[in-house]
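Residues per chain are reported as follows:
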Amino acid sequence: METNFVTAPDIISSPTGDRTSIAQKTFAVMECVGSSDRPLTTSELAVLLDMPKPTVHRIVHQLDMDGLLVHEPGGRGFVPGPRLFSFALNVVQASVRHGSKRAVLERLSKVTGETCNFGLISGGALLYADRVESSWPFGLRFSVGSRVPLHCTSMGKMLLAHQPKRRREHLLALSDLHGYTDNTITDTDRLEEHFAEIRASGYSIDDQEFLAGVVCAAVPVRDSRGKVCAAIAVSAPQARMPIALAVEHIPALLEAAEEISATWLMDEE
């Protein structure tokens with residue numbers, strides 16, 4: 001199976017081609033590990049970043065000590081650590097709350113008349129990075145920063161469906177695949193079939209799989225490389241938003257997702 005690696009980030013070099021800053025090298029190592037779809041060893045990092053192996057080893061050792069990178073259990077490669085995840089999530093949440101992404105969610109909530117959410121994977125769960133509540137008196141009162149299961153929520157299933165298979169299996173292994181309702185899919189083979197359907201359709205539905213009486217629909221948000229990095233969703237009581245109506249909201253969700261992706265592109269320019 002082909003594995004995609006990131007190329008060495010341009011920021012590690014000065015305009016003259018000289019590597020002058022340990023901070024730049026350290027950031028390059030974190031960026032490389034964070035962008036890879038599998039754990040990377042120090043030898044691989046040295047090749048990808050064109051750095052001396054002893055230098056990479058010292059940087060990785062310090063990052064490991066600081067909780068920014070961690071060893072893959074049972075392997076020699078490194079993956080992002082809890083402090084790096086926390087830092088990245090804080091940046092994303094601040095960007096969503098204070099930037100144009102928040103305005104996109106607010107417009108989407110007005111169009112659908114329902115609560116709209118922005119989420120991403122964090123520590124084996126789905127993190128609500130932002131949320132705009134509907135004006136209805138009855139609704140789901142999850143706060144920003146809440147974590148919910150991946151396998152039975154619309155955004156969680158969408159994000160799982162687009163993970164490399166090895167990482168998806170790892171994330172599912174972190175969960176007990178609890179059956180929250182009679183509709184929750186807890187069999188991994190059935191989930192894999194469901195993920196294939198999600199990739200084919202381009203959207204995901206939570207048909208009362210996490211909370212009885214609640215329906216959600218989600219679509220992916222892509223980064224500048226076209227990689228699915230987050231999701232947005234609309235959620236409401238089933239009595240107010242049956243599955244057919246949830247599906248009718250998909251075009252509006254896709255338009256909002258494109259707007260959010262475009263804001264990320266502008267932020268990177």
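See above for the structure.
Values in this document were obtained by computation on a predicted structure and should not be read as measured data.

**Re the pattern of salt bridges**
Piece 1. One pass over the structure, following the stated rule, counts nine salt bridges.
Piece 2. Notably, a salt bridge pairs glutamate 106 with arginine 102, separated by 3.5 Å at the nearest N-O pair. Here glutamate 106 pairs with arginine 102, and both are found in helix α5 (residues 100-112), just four residues apart, close to one helical turn.
Piece 3. With a relative accessible area of 37%, glutamate 106 lands in the partly exposed category.

**A closer look at the pairing of strand β6 (residues 204-207)**
Piece 1. One ladder, built from four bridges, connects β6 with strand β7 (residues 214-222); its direction is antiparallel. The residue bridging isoleucine 205 from the neighbouring strand is alanine 217, located in β7.

**Notes on the sheet that holds strand β8 (residues 228-237)**
Piece 1. On the basis of which strands lie adjacent, the open sheet formed by six strands has the order β5-β4-β3-β8-β7-β6 and antiparallel pairing. Across the chains shown, the open sheet's two edge strands, defined by having one partner strand only, are β5 (147-148) and β6.
Piece 2. Of the pairings in the sheet, the one linking β7 to β8 comprises nine bridges and is antiparallel in character. Directly across from valine 214, in β8, lies its bridge partner proline 237.
Piece 3. Strands in contact with helix α6 (residues 154-161) are β3 (115-122), β4 (125-132), β6, β7 and β8; relative to β8, the strand with the most contacts, it is inclined by about 155°.

**Quick look at helix α3 (residues 53-65)**
Given 3.6 residues per turn, any residue in an α-helix points the same way as the ones three and four places further on.
Piece 1. With 13 residues, α3 should cover 18 Å at 1.5 Å per step; its first-to-last C-alpha distance of 18 Å lies within 8% of that length.
Piece 2. When we look at burial in α3, the residues that qualify are Thr55, Val56, Ile59, Val60 and Leu63. Each buried residue of α3 sits inside an arc of 125° when the element is viewed along its axis, so together they form one side. In α3, the exposed positions that point more than 90 degrees away from the buried face belong to Pro54, Arg58 and Met65.
Piece 3. Next to the buried residues of α3 lie α1 (22-35), α2 (42-49), β1 (69-71) and β2 (78-80).
Piece 4. The positive-phi residue at the C-terminal boundary of α3 is glycine 67, with phi of around 80°.

**Notes on the packing of aromatic side chains**
Piece 1. Counting across every chain of the model gives one aromatic pair.
Piece 2. Here the aromatic rings of tyrosine 180 and phenylalanine 210 are separated by 5.1 Å at their centres, their planes lie at 80°, and the arrangement is edge-to-face. Residue tyrosine 180 is found in the loop between α7 (165-174) and α8 (188-201), and its partner phenylalanine 210 is found in the loop between β6 and β7; the two are separated by 30 residues along the sequence.

**A closer look at unusual backbone geometry**
Piece 1. The phi dihedral of aspartate 50 is positive, around 55°, even though this residue is not glycine.
Piece 2. Take aspartate 50: it is sitting in the loop between α2 and α3.
Piece 3. Aspartate 50 sits in the exposed class, given a relative accessible area of 55%.
Piece 4. Look at glutamine 208: it is not a glycine, yet its phi comes out positive at around 55°.
Piece 5. Along the chain, glutamine 208 falls in the loop between β6 and β7.

What counts and what doesn't
Numbers given to residues run from 1 along each chain, matching the order in which its sequence is written. Local features are withheld for residues below a pLDDT of 70 in this predicted model, meaning they are given only at 70 or higher, and side-chain atom pairs are given and counted only at 80 or more; totals for whole chains, interfaces and linings count all residues. Hydrogens and water are ignored here; the side-chain numbers use all heavy atoms of the structure. We count a salt bridge whenever a side-chain nitrogen from Lys or Arg sits within 4 Å of a carboxyl oxygen from Asp or Glu. By the criteria applied, helices consist of DSSP H or I runs no shorter than four residues and strands consist of E runs no shorter than two, each listed in order from the N terminus. Burial status follows relative accessibility: with a 1.4 Å probe on protein chains alone, a residue under 20% of its type maximum counts as buried, one over 50% as exposed, and anything between as partly exposed. If DSSP finds at least two bridges between two strands, the strands pair. Any two residues whose heavy atoms approach within 4.5 Å at even a single point are treated as in contact. The convention used is that axes are lines fitted to C-alpha atoms, helices contributing only their stretch in contact, and that angles between N-to-C directions extend from 0 to 180 degrees. Multiplying 1.5 Å by the helix residue count minus one yields the expected span of that helix. What the arc describes is the spread of directions from the helix axis to the C-beta atoms. Side-chain rings of Phe, Tyr and Trp (the six-membered ring for Trp) are treated as a pair once their centres are within 6.5 Å; stacked means planes under 30 degrees apart, edge-to-face means over 60, and tilted covers the remaining angles.

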